[in-house]
Amino acid sequence: MSLSNTIKTIQDIMRKDDGVDGDAQRIGQLTWMLFLKVFDQKEEEWEDDAADRGKTYKSPLPEECRWRNWATFEGGKPQTPPNELIEFVNSTVFPKLKKLSTEGLEENANAQKAKVVGEVFRDSNNYMKSGTLMLEVIEKLDEAIDFHDFTSRQHLGDIYEQVLNDLRSAGNAGEFYTPRAITEFMVQMVDPRLERRETVLDPACGTGGFLTASFNWLKNQADNKSGLKDQEALEKSIRGIEKKQLPHLLCTTNLLLHGIETPDQIEHRNTLARPWNDWSKTEQVDCVITNPPFGGSEEDGVGTDFPSDLQTRETSDMFLTLIVRRLLKPNGRGAIVLPDGNLFGEGVKAKVKELLLEQCNLHTIIRLPNGVFNPYTGIKTNLLFFSKGKPTETIWYYEHPYPPGYKSYSKTKPITLDEFKPIKSWWGEESDGFAGRVENEFAWKVDFKTRKEEAKAKAQPHKDKAEELKNEASDIDHKIRNLKSSLKGIKSEIDKLSVETEIKELQKQAKNLRDKARDEQAAYDRIYWPIYNLDEKNPNTPEAIKLDPDELLKQHKQLQKEITKTENQLKQELAKAFAHHFTEDSA
């Protein structure tokens, strides 16, 4: 039976179990079992390596919790009887692995392995209630998956991708999955380099799609002559952080299957909950590639230490702020998936975009069509590519079209990497400012530098006037405070009344000045902030040209002239006809 069919068979077995409810639980159940099996087979390799060096390998796992000691079959019989299996898993395997400690482990590598296993099982659960059905799953895994067999091992990563793809229809779990074509395209365009020892971070790594794509991209840069240092650099090149248990488990297993010996660089925590000032420069990376959760909000207290003008509870805005201000090195490169709402959003969203365009060169926005993330969400999304270090001058847009005959994407007809070939051919080099790019029916550019300069020149007088008016109001406030202080020493009621009258008049003046200042500030905002509406429509499509408002108005005026001219000609002809008719009657 093929690996693909084995996975489907296992999921069918789990559907019979009363304890497993829904695709997300089935996938979680399958993944921790797959993880332990693959980890056990990796341990066999580590044992052989240690023996070759004349050493003895010591497992970081308690002996009774190792897959080989409770889940395998001996002489055709299970080591643990079905009527004892569930109790053993629930009372021994899970509690001990959840509490797995790195203390007392002499070898650093073993401590790392213990950390990985402990993190994986910290919030994992066994959902199955039937020992008989669990043994059927174990038997199928043992039959189909031999991690030592190169052919099997080669296909395991692809089969795992199938498991992850199933998440797209697994209720809320779908939010953790980014289509493989998107992850690979974004990684290829950011182009992390092994020879420069560049590091890649996904601060909301989900199931690890961007990380495995980055690892494979870097791995392909190494050749047979690459030394041990290159191999070690590969392991250290990628980092991930994931808040939720299921995707963290999926991600760790994903990396293990893709050839990362000890994926301890995947942290199980909430990136946004870490205090703003705890991020140090030594933690900055060369590349951030991510699809952060959007449309949701963080719990109370998270993000309250972000810069005051950028504080929000909307997750995608928080991630973008963190990436620009804290995570990227100077000259680092970023790529992020964002919905349309982030492009045209106002308020804090506009300020986040101002930060991005001031500190980074947002050189490319790929506008994806509807349905890329179906069935999880139908929201239109965009891929933003930027480099940190200098402000944005020109933004290039590329509208990714549907393939011929498509009206949307679906689980059975997802977006493919081949569809991005025209964009790759068009892309060019950032080193020459993308000088080779040309506009076409899908690509266009916006001169953001000129747009910004013109808006600031027009808006700045309003801002200056607002500041002037606020300063005048502040001067009056100072006079009011002095007059109020003087009241304490005035004994004459007439003099007091005079001062109080003066204070009231000054208060009116101050209020009037502040009202005018608000109006001036509002005028500034109306002119300046719209430049950060990045929701640009393609001006090169026939539809856009046809529906251009100015062109339509011009056409309408021309049509009105022609109608009026025709009417006048008709009137003249009718007048002539009637005149001729009456002349004949008279005769």
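Quick notes on the rules
- Residues numbered from 1 in each chain as written.
- Predicted model: local features only at pLDDT ≥ 70, side-chain atom pairs only at ≥ 80, totals over all residues.
- Heavy atoms only, no water.
- Helix = DSSP H or I, 4+ residues; strand = E, 2+ residues; numbered from the N terminus.
- Buried < 20%, exposed > 50% of the residue type's maximum accessible area, 1.4 Å probe, protein only.
- Polar contact = N/O pair within 3.5 Å; in protein donor to acceptor, adjacent residues only side chain to side chain.
- Contact = heavy atoms within 4.5 Å.
- Core = buried A, V, L, I, M, F, W, Y, C linked by side-chain atoms within 4.5 Å.
- pLDDT = per-residue confidence, 0-100.
- 1 Å grid on protein atoms, 1.4 Å probe; cavity = no way out; pocket = protein on both sides within 12 Å on 5 of 7 lines; lining within 4 Å.
- Points joined across faces, edges and corners; volume = space filled by probe spheres on them.
- Nonpolar A, V, L, I, M, F, W, Y, C, P; charged D, E, K, R; others polar.
- Pairing = 2+ DSSP bridges.
- Axes fitted to C-alpha atoms, helices over the stretch in contact; angles between N-to-C directions.

K.L.:
I tried to follow the side chain of T290 on my own but got confused; where do I start?
P.N.:
Looking at the element boundaries, T290 is found in strand β6 (residues 285–290). A relative accessible area of 0% means that T290 is categorised as buried. Of the polar contacts made by the side chain of T290, one reaches the side chain of D202; its length is 2.7 Å. Leaving out residues up to four positions away in the same chain, T290 has contacts with M186, D202, P203, A204, F210, I323, A335, I336 and V337.

K.L.:
Whenever I open this one, the nonpolar core confuses me. Can you help?
P.N.:
Soluble, globular proteins show a tendency: their nonpolar side chains are buried together. In this structure, W32, L36 and W70 are the most contacted members of the largest nonpolar core, which totals 45 residues. Among the elements of the structure, α1 (3–15), α2 (22–52), α3 (67–70), α4 (82–98), α5 (108–122), α6 (131–144) and α11 (245–257) are those that each provide at least two residues to this core. Sorting elements by how many residues they give to this core places α2 first, with 10 residues. Those residues within four positions of W70 in sequence are excluded, and the remaining contacts are W32, L36, E64, C65, Q79, T80, L85, F88, V89, V93 and I138. Core analysis: the next-biggest nonpolar cluster, separate from the first, contains 44 residues, L327, I395, V446 and F448 among them.

K.L.:
Sorry, what's going on with the confidence of the model for the protein here?
P.N.:
Do not read the fine detail of predicted coordinates wherever pLDDT is low. Summing up the model confidence of the protein, the mean pLDDT is 88 and the portion of residues at 70 or higher is 88%. Considering only residues more than four positions removed or in separate chains, one finds that residues 170–174, a stretch of pLDDT under 50, has 10 contacts.

K.L.:
Help me out: how do you make sense of empty space enclosed by the protein in this one?
P.N.:
Here the idea is plain: a probe the size of a water molecule rolls over the atoms and shows the empty space left. Under the definition given, this model contains 2 cavities of 30 Å³ or more. Estimates place the volume of the largest cavity at around 40 Å³. Lining of the largest cavity is provided by D317, L320, L338, N342, L343, K349, V352, K353, L356 and L384. Of all the secondary-structure elements, those providing two or more residues to the lining of the largest cavity are α12 (315–327), α13 (340–344) and α14 (348–359). Examining the composition of the lining of the largest cavity, we find that 4 residues originate from one element, α14, more than from any other. Here the lining of the largest cavity is composed, by residue class, of 6 nonpolar, 1 polar and 3 charged.

K.L.:
Just checking my understanding: could you explain the sheet that holds strand β11 (residues 443–447) for this structure?
P.N.:
Note on sheets: strands pair through backbone hydrogen bonds, and any given pair is parallel or antiparallel. The strand order across the open sheet formed by 9 strands is β5-β4-β3-β6-β7-β9-β8-β10-β11, and the pairing between neighbours is mixed. Each of the sheet's edge strands pairs with one partner strand only, and the pair in question is β5 (266–268) and β11. Neighbour-to-neighbour, the strand axes of the sheet open up by a mean angle of 15°, direction not taken into account. Sheet analysis places strand β10 (residues 394–399) next to β11, joined by 5 bridges and oriented antiparallel. Directly across from I395, in β11, lies its bridge partner V446. Of the strands in this sheet, β3 (200–202), β6, β7 (328–339), β8 (360–367) and β9 (381–388) are in contact with α12, which crosses β7 at around 170°.

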